[in-house]
Amino acid sequence: DAATGILVDENVRGIRIDVLCKKLGVTKGSFYWHFEGRPALLNAILERWHKRMTTNVIDRLGVEAGNPFDRLRALLALPRATRSPAFARIEQSIRDWCRRDRQAQNAVEEVDKIRLAYISDLFEQQGLEPDVAARRAYIAYAFLMGDSVLRNTVQPKDLDEIVEDAMNVLTSDRGQP
């Protein structure tokens, strides 16, 4: 968590073992007990981001929202959830990092593929052909990512209606839920 905080507040270059140890009030020996070095720590940041913001979200949607239509609606509303601003900052920081680092780029590409496949599957479960579902998934994902960025500067009064409009556009030719 502390390293992710540094990533968000500074960038990946700010993640240094000595700074992290001082911030946490631990020795370097304690750090090395948990991680082999900085590369292992950076890998752990990427793995945790993958789990918290992809795998866990997909699992939670499967439990909380019933059918594929409701899961898609819940997904589109996520950027406006209470904890989303903090998660959006992490997302933006990881994506900024991936512009300069192959390991981070690989992690982002993997996460994007998983997220797009999940969204595409939601559309296929609603009766759309795979090629149409893939295109709709891209549009839905672009909506999600854009909304997570715009959330900080644009506060529409009718967010529920915007999500419903997006659902209508994305699912106008689907079967019934």
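(A) The confidence of the model for the protein chain, seen in detail. Per-residue confidence for the protein chain averages 90 on the pLDDT scale, and 98% of its residues sit at or above 70. The least confident element of the protein chain is helix H9 (residues 159-171), whose mean pLDDT is 86; the most confident is helix H7 (residues 102-124), at 97.

(B) How the structure looks around the packing of helix H4 (residues 38-64) against helix H5 (residues 68-77). Between H4 and H5, the least distance of the axes is 9 Å, while the angle of their chain directions is 135 degrees. For the element pair H4 / H5, the angle class is oblique. When the axes of H4 and H5 are compared, the crossing they make is right-handed. In this structure, H4 contributes Val57, Leu61 and Gly62 to the contact, and H5 contributes Arg71, Ala74 and Leu75. Of the residues in the contact of H4 with H5, the class split is four nonpolar, one polar and one charged.

(C) Representation of the packing of aromatic side chains within the structure. The full count for this structure, using the stated rule, is two aromatic pairs. Taking 5.1 Å as the distance between ring centres and 90 degrees as the angle between the ring planes, the aromatic pair formed by Phe31 and Tyr32 counts as edge-to-face. For Phe31, a relative accessible area of 6% corresponds to the buried category. Residue Tyr32 is classed as partly exposed on the basis of its relative accessible area, which comes to 42%. The structure contains a cluster of three or more aromatic residues connected by ring pairs, namely Phe31, Tyr32 and Phe35.

(D) Region of the structure containing a negative patch on the surface. A cluster of acidic side chains, namely Asp158, Asp160, Glu161 and Asp165, defines a negative patch on the protein surface. If you trace the backbone, Asp158 turns up in the loop between helix H8 (130-150) and H9. Accessibility expressed as a relative area gives 35% for Asp158, which makes it partly exposed.

(E) Local environment of the pattern of salt bridges. Across all of its chains, the model carries 13 salt bridges by this definition. With its nearest N and O atoms 3.1 Å apart, the salt bridge here joins Asp70 to Arg73. Pair noted here: Asp70 and Arg73 are both in helix H5, with a separation of three residues, about one helical turn. Residue Asp70 is classed as partly exposed on the basis of its relative accessible area of 28%.

Cut-off values and rules
Residues numbered from 1 in each chain as written. Predicted model: local features only at pLDDT ≥ 70, side-chain atom pairs only at ≥ 80, totals over all residues. Heavy atoms only, no water. pLDDT = per-residue confidence, 0-100. Helix = DSSP H or I, 4+ residues; strand = E, 2+ residues; numbered from the N terminus. Axes fitted to C-alpha atoms, helices over the stretch in contact; angles between N-to-C directions. Parallel < 35°, antiparallel > 145°, perpendicular 65-115°, else oblique. Left-handed = near helix turned anticlockwise from the far one by under 90°. Contact = heavy atoms within 4.5 Å. Nonpolar A, V, L, I, M, F, W, Y, C, P; charged D, E, K, R; others polar. Phe/Tyr/Trp six-rings, centres within 6.5 Å; stacked < 30°, edge-to-face > 60°. Buried < 20%, exposed > 50% of the residue type's maximum accessible area, 1.4 Å probe, protein only. Patch = residues over 30% accessible without salt bridge, like charges linked within 9 Å, V, L, I, M, F, W, Y side chains within 5 Å. Areas by Shrake-Rupley, 256 points an atom, 1.4 Å probe, with all protein chains shown as cover. Salt bridge = Lys/Arg side-chain N within 4 Å of Asp/Glu carboxyl O. Lys, Arg positive; Asp, Glu negative; His and termini not counted. Charge placed at Lys NZ, Arg CZ, Asp CG, Glu CD.

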